[in-house]
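# Structural characterization, general
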Amino acid sequence: MKKVIVAIDGPAGSGKSTTAKLLAKRLGYIYIDTGAMYRAITLYSLRNNLLSEPPRICDGARNIKLTISIIEGENKVFINDEDVSDQIRSKEVNDNVSFISTLECVRKELVNKQRVLAENGGVVMEGRDIGTVVFPNAEVKIFLTASLEKRAERRFQEFKSLGRDIPIADVIKNLRDRDITDSTRKNSPLKKAEDAFEVDNSELSIEQQVQQIRDIILKKIGTIVNE
Ligand code: DC
């Protein structure tokens, strides 16, 4: 059976990771979180004080060994063999990742890596430009959205469950700032691909939205394995 590419794009906090992970499991596919790759380059840049030196960030993006391993369905991210999966979720990384992802050279390196990771199909890949730039011919494209308030509430709860008390106002500000930077940047801005299906999950449970997307996939490729 042909293994296709499912591209899921959408703004921060729209539930892409949860949805992509569940879908990948249901389809028997690999799940890839491309935001984690931009976060890894951001962490590397912060650690090496490179924020004001984009050419050196580019050298880093070209030369560091950036690995994504899929362990029990989760993405683990390694920089030069160091597991940085937790560090890439820090507030500092959150605050700087949108800037790093505006850099054309960084995008070029990461898009190449993403294409190699999915060259055999059978992948659910989530990000901002998967259906528009990375895989414009992906068989299934989903654009996930939700209101800013809902997205902020979800992120707030997520932080809380990790023991991090971040004021809701800060979470809203970070999401709003990232929405603006991500959708207005010159290189590969966040936007819905013309042939993507838009799913607004503001009022949907996770099960409901996975079901909706499953129905879309079923219509597009005619089958779902692992059910
Ligand atoms: O999905 P996330 O919040 O972990 O993504 C972090 C940032 O990375 C996001 O603000 C924009 C950037 N990003 C991107 O530019 N392109 C992608 N394909 C994925 C993420």
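Notes on the structure follow. Quick caveat: nothing in here was measured; it's all calculated off a predicted structure. (Residues numbered from 1 in each chain as written. Predicted model: local features only at pLDDT ≥ 70, side-chain atom pairs only at ≥ 80, totals over all residues. Heavy atoms only, no water.)

### Looking at the overall build of the chain
Assigned secondary structure in the chain consists of 9 helices and 8 strands. Relative to the compact-globule value of 17 Å for 227 residues, the chain shows a C-alpha radius of gyration of 17 Å, a close match. Viewed in the frame of its principal axes, the chain has a C-alpha envelope of about 50 × 40 × 35 Å. By residue count, 51% of the 227 residues in the chain fall in the buried class. The contacts of the chain with a sequence gap of at least 6 include a subset with a gap of at least 24, amounting to 74%. As displayed, the chain offers around 11200 Å² of accessible surface, 50% of which is attributable to carbon and sulfur atoms. Averaged over its 36 positive side-chain charges, the chain has a centre that lies 2 Å from the centre of its 34 negative ones. (Helix = DSSP H or I, 4+ residues; strand = E, 2+ residues; numbered from the N terminus. Rg over C-alpha atoms; globule rule 2.2 N^0.38 Å. Buried < 20%, exposed > 50% of the residue type's maximum accessible area, 1.4 Å probe, protein only. Contact = heavy atoms within 4.5 Å. Areas by Shrake-Rupley, 256 points an atom, 1.4 Å probe, with all protein chains shown as cover. Lys, Arg positive; Asp, Glu negative; His and termini not counted. Charge placed at Lys NZ, Arg CZ, Asp CG, Glu CD.)

### Considering the sheet that holds strand S6 (residues 123–127)
Pairing within the open sheet is parallel, and its 5 strands lie in the order S2-S6-S1-S7-S8. Each of the sheet's edge strands pairs with one partner strand only, and the pair in question is strand S2 (30–33) and strand S8 (197–200). For this sheet the average axis-to-axis angle between neighbouring strands, irrespective of direction, equals 20 degrees. Inspection of the sheet shows S2 paired to S6 by 4 bridges, in the parallel sense. Counterpart to Tyr31 in the pairing with S6 is Val124. Relative to S6, helix H1 (residues 16–27) is tilted by about 175 degrees, and along the sheet it contacts strand S1 (5–9), S2, S6 and strand S7 (140–145). (Pairing = 2+ DSSP bridges. Axes fitted to C-alpha atoms, helices over the stretch in contact; angles between N-to-C directions.)

### A closer look at the nonpolar core
Core analysis: the biggest nonpolar cluster contains 37 residues, and Ile41, Val77, Val106, Met125 and Phe135 have the highest contact counts within it. Beyond its immediate stretch of four places on either side in the chain, Val106 contacts Tyr38, Ile41, Ile57, Ala61 and Ile100. (Core = buried A, V, L, I, M, F, W, Y, C linked by side-chain atoms within 4.5 Å.)

### So, the pattern of salt bridges
Within the structure shown, the criterion is met by 15 salt bridges. Across the pair Arg47 and Glu82 runs a salt bridge whose closest N-O atoms are separated by 3.0 Å. With a gap of 35 residues between them, Arg47 in helix H2 (residues 34–47) and Glu82 in strand S5 (residues 82–83) connect regions that are remote in the sequence. Of the residues examined, Glu82 reaches a relative accessible area of 33% and is grouped as partly exposed. Each of Arg128, Asp182 and Arg185 takes part in one network of salt bridges that share partners. (Salt bridge = Lys/Arg side-chain N within 4 Å of Asp/Glu carboxyl O.)

### A word on the environment of Ala7
Within the secondary structure, Ala7 sits in strand S1. In this structure the C-alpha to C-alpha distance between Ala7 and Val140, which are 133 residues apart in sequence, comes to 6.2 Å. Not counting residues up to four positions away in its chain, the partners in contact with Ala7 are Met125, Ile130, Gly131, Ala138, Val140, Lys141 and Ile142.

### Quick notes on the sheet that holds strand S4 (residues 74–79)
An order of S3-S4-S5 is seen for the 3 strands of this open sheet, with the pairing classed as antiparallel. Taken across any chain shown, the strands that pair with only one partner, and hence form the sheet edges, are strand S3 (66–71) and S5. Sheet contacts for H2: S3, S4 and S5; angle to S4, the most-contacted strand, approximately 30 degrees.

### Points about the packing of H2 against helix H4 (residues 91–100)
Put simply, H2 and H4 touch, their axes get as near as 9 Å, and they point 105 degrees apart. Classified by the angle between their axes, H2 and H4 sit roughly perpendicular to one another. Between H2, through Tyr38, Arg39, Ile41, Thr42, Leu43, Ser45 and Leu46, and H4, the contact on the second element is made entirely by Glu92, Val93, Asn94, Asn96, Val97 and Ile100. By residue class, the composition of the contact of H2 with H4 is 7 nonpolar, 4 polar and 2 charged. (Parallel < 35°, antiparallel > 145°, perpendicular 65-115°, else oblique. Nonpolar A, V, L, I, M, F, W, Y, C, P; charged D, E, K, R; others polar.)

### Focus: the site of the ligand
Lining the immediate surroundings of the ligand are 16 residues, of which Arg39, Arg107, Asp129, Arg178 and Arg185 lie closest. At 3.0 Å from an oxygen atom of the ligand is found a side-chain nitrogen or oxygen belonging to Arg128. Measuring from a nitrogen atom of the ligand, one finds a side-chain N or O atom of Asp129 at 2.8 Å. Relative to its unbound accessible area of 440 Å², the ligand is 98% covered by the protein chains. Among the secondary structure elements, those contributing two or more residues to the shell around the ligand are H2, H4 and helix H8 (168–184). (Near = heavy atom within 4 Å. Polar contact = N/O pair within 3.5 Å; in protein donor to acceptor, adjacent residues only side chain to side chain.)

### Side note on unusual backbone geometry
In this structure, Asn49 takes a positive phi of about 55 degrees despite not being glycine. Mapped onto the secondary structure, Asn49 falls in the loop between H2 and helix H3 (54–63). Although it is not a glycine, Ser188 sits at a positive phi angle of roughly 45 degrees. Turning to its location among the elements, Ser188 is positioned in the loop between H8 and S8. Classification of Ser188 as buried rests on a relative accessible area of 16%.

None of this, on its own, says anything about what the molecule does.
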